[in-house]
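Read off the chains here:
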Amino acid sequence: MKSVSVSAPGKFVVLGEHAVVYGKPAIALAMDMRFSMRAHPSNEFRINGAPANQYNMSPHMKYLSEMHGNRPMTVFIDGRVPSGSGLGSSAALSAAYAAAVRALNHLPTDKASLAKDAFEAEYAAQGRGSPMDTSASVQGGGIALNVPYKKEDFLWHIDKGDRSWDISKIDVPKMTFVIGNTGIRAPTGPLVEKVRKYKDTNTFARSIVDEIGDVTLEGLKAIESNDKVKLGELMTYGHKLLSILGVSCPQLNKLVKASQPYSYGAKLTGSGGGGCMIALTDKPEKVAEAITLHGGTPYIVNTGVPGVTVKV
Ligand code: MEV
């Protein structure tokens with residue numbers, strides 16, 4: 001095979017982050033910001049014209065190459081999802097790179113195989129996370145984890161140690177979300193670890209994790225019945241629960257509050273500690289203006305986008 005072009009979308013979490021790490025329900029949507037790259041086999045690993053090294057080859061890429069024979073390739077990265085902001089940048093990279101490595105090694109590039117490879121790479125690089133980000137990126141559209149689903153919506157099942165996740169696709173009505181980026185970089189691993197420690201030592205924290213799971217199930221019903229008012233209320237409540245777990249920050253709270261007058265609801269999205277918040281709204285320009293006024297960077301995003309694409 002001469003060369004392959006691959007791409008995979010970023011995502012945002014509507015409800016259920018952190019609790020999903022412990023097998024609770026969660027809902028994530030893919031969005032129109034993509035990681036994209038071209039790759040072809042070569043004599044040594046090269047990335048964007050330079051020899052690969054620890055700075056330009058992420059641990060995810062290294063892991064995925066080693067997983068499938070470590071055949072050197074030359075890679076050109078054409079587009080990225082903003083990193084360290086809870087928008088699934090490393091998951092999109094892992095999903096796309098898994099597809100490139102598999103395609104160049106003549107291995108199947110079905111979505112279930114890609115979702116498993118990408119999750120293993122994220123897990124190796126990041127520690128104790130869930131397969132939510134990688135599955136959302138591979139699948140595209142909308143996914144739910146650990147919720148009741150119709151047989152035809154089942155996508156794949158992923159296990160890790162004593163934890164397991166059933167991943168299913170969901171139909172999402174047309175909704176507008178505005179993302180507000182605080183500009184504060186906050187890698188996922190340490191935040192997942194912070195919540196784990198809190199949950200392992202505190203009964204109250206465990207009850208918050210359970211409550212996030214229950215709120216997510218209600219949120220799924222609201223999505224299925226296109227009830228934006230209810231979904232918005234649940235999102236705002238979800239933000240409070242995540243704040244109690246210690247993963248919000250003053251800048252996230254400020255952007256959530258600023259968005260509220262023009263939205264159905266707003267919350268931090270992803271791992272928190274900085275990164276991004278989301279607002280569900282019919283007035284995206286107003287929300288974007290409020291986010292800018294309060295020091296954030298807004299993105300009005302479209303959902304309903306394809307997952308991994310592979311062109312040989
Ligand atoms: C990160 O987008 C979401 C977390 O729940 C971590 C994970 O699920 O791996 C915080």
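Counting restarts for each chain: residues are numbered from 1 in the order of the written sequence. Given that this is a predicted model, residues contribute local features only at a pLDDT of at least 70 and side-chain atom pairs are listed and counted only at 80 or more, while totals for whole chains, interfaces and linings are drawn from all residues. Working from all heavy atoms in the structure, the side-chain values ignore hydrogens and water.

**Digging into the overall build of the chain**
Here is step 1: In terms of helices and strands, the chain carries nine helices and 13 strands.
Here is step 2: Radius of gyration: over C-alpha atoms. The globule rule applied is 2.2 Å multiplied by the number of residues raised to the 0.38 power. A globule of 312 residues ought to have a C-alpha radius of gyration of about 20 Å, and the chain, at 19 Å, matches this closely.
Here is step 3: Only heavy atoms enter the contact rule, under which two residues are in contact if any of them lie within 4.5 Å. A fraction of 75% describes how many contacts in the chain between residues 6 or more apart in sequence connect residues 24 or more apart.
Here is step 4: Summing over all exposed atoms, the chain offers an accessible surface of approximately 12,900 Å²; the carbon and sulfur share of this is 52%.
Here is step 5: Only four residue types enter the charge count: Lys and Arg as positive, Asp and Glu as negative, with His and the chain ends excluded. For this purpose, a charge sits on NZ of Lys, CZ of Arg, CG of Asp or CD of Glu. Positive and negative side-chain charges in the chain, numbering 35 and 28 respectively, have mean positions lying 4 Å apart. Helix numbering and strand numbering both begin at the N terminus, where a helix is a DSSP run of H or I of at least 4 residues and a strand a DSSP run of E of at least 2. Accessible surface area values rest on a Shrake-Rupley calculation with a 1.4 Å probe, where residue burial reflects the displayed protein chains alone.

**Observations concerning the site of the ligand**
Here is step 1: Taken together, 13 residues surround the ligand, and among them Lys11, His18, Gly129, Ser130 and Asp133 come closest.
Here is step 2: One of the side-chain nitrogen or oxygen atoms of Ser130 is found 2.6 Å away from an oxygen atom of the ligand.
Here is step 3: We call two N or O atoms a polar contact when they sit within 3.5 Å, provided that within protein one can donate a hydrogen and the other can accept it, with sequence-adjacent residues counted only if both atoms are side-chain atoms. Taking Asp133, its side chain carries an N or O atom lying 2.8 Å from an oxygen atom of the ligand.
Here is step 4: In isolation the ligand offers 300 Å² of accessible surface; the protein chains occlude 98% of this area.
Here is step 5: Put simply, the parts of the chain that give the shell around the ligand at least two residues each are helix H4 (132–139) and helix H5 (188–201).
Here is step 6: Residue assignment places the shell around the ligand across two domains, with domain 1 (4–171) and domain 2 (176–302) each supplying three or more. Distances are taken per atom, and a residue is near a molecule or strand as soon as one of its heavy atoms is within 4 Å of it. Domain start and end points were adopted from an automatic or database domain assignment.

**Regarding the packing of helix H3 (residues 111–126) against H4**
Here is step 1: Axes here refer to lines fitted to C-alpha atoms; in helices the fit is confined to the stretch in contact. Angles between the N-to-C directions go from 0 to 180 degrees. Direction vectors running N to C along H3 and H4 enclose 145°, while the axes themselves pass 9 Å from each other. Two packed elements cross with a definite hand, and for H3 against H4 that hand is right-handed. Contacts between H3 and H4 involve Lys111, Leu114, Ala115, Ala118, Phe119 and Glu122 from the former and Asp133, Thr134, Ser135, Val138 and Gln139 from the latter.
Here is step 2: Charged means Asp, Glu, Lys or Arg here, nonpolar means Ala, Val, Leu, Ile, Met, Phe, Trp, Tyr, Cys or Pro, and polar covers whatever is left, Gly included. Of the residues belonging to the contact of H3 with H4, the class tally is five nonpolar, three polar and three charged. In this scheme, a crossing is called left-handed if the near helix is turned counterclockwise away from the far one by less than a right angle; it is called right-handed if the turn is clockwise.

**With respect to helix H9 (residues 284–293)**
Here is step 1: Listed in full, the buried residues belonging to H9 are Pro284, Val287, Ala288, Ala290 and Ile291. The buried residues of H9 occupy one face: seen down the axis, they fall within an arc of 160°. Projecting away from the buried face of H9 at angles above 90 degrees are the exposed residues Glu285 and Leu293.
Here is step 2: In this fold, the buried residues of H9 make contact with strand S9 (177–181), helix H8 (250–259), strand S11 (276–280) and strand S12 (297–301).
Here is step 3: Trailing H9 by a residue or two, Gly295 shows a phi angle of about 90°, which is positive. Here the term buried applies to any residue with accessible area under 20% of the maximum for its type, exposed to any over 50%, and partly exposed to those in between, with areas from a 1.4 Å probe on protein chains only. Taken from the helix axis, the directions to the C-beta atoms give the arc we talk about.

**Concerning the side chain of Gln251**
Here is step 1: Of note, Gln251 is situated in helix H8.
Here is step 2: Given the relative accessible area of 17%, Gln251 is considered buried.

**Comments concerning the domain arrangement of the chain**
Here is step 1: Here the domain parsing of the chain yields domain 1 (4–171) and domain 2 (176–302).
Here is step 2: For domain 1 and domain 2, the distance between their C-alpha centres works out to 22 Å.
Here is step 3: Of the residues lining the interface, 31 residues belong to domain 1; the matching set on domain 2 comes to 39 residues.
Here is step 4: Here domain 1 packs against domain 2, burying approximately 2,900 Å² in sum over the two surfaces, 71% of which is carbon and sulfur.
Here is step 5: Two parts placed together each lose some accessible area under a 1.4 Å probe, and adding up what both lose gives the buried area. By the criterion of area lost to domain 2, the three top residues of domain 1 are Leu15, His18 and Tyr22, representing 23% of everything that side buries.

**Quick word on the environment of Gly219**
Here is step 1: Summarising the element assignment, Gly219 is placed in helix H6 (residues 203–224).
Here is step 2: Spatially, the C-alpha atoms of Gly219 and Thr297 are 26 Å apart, while their sequence positions differ by 78 residues.

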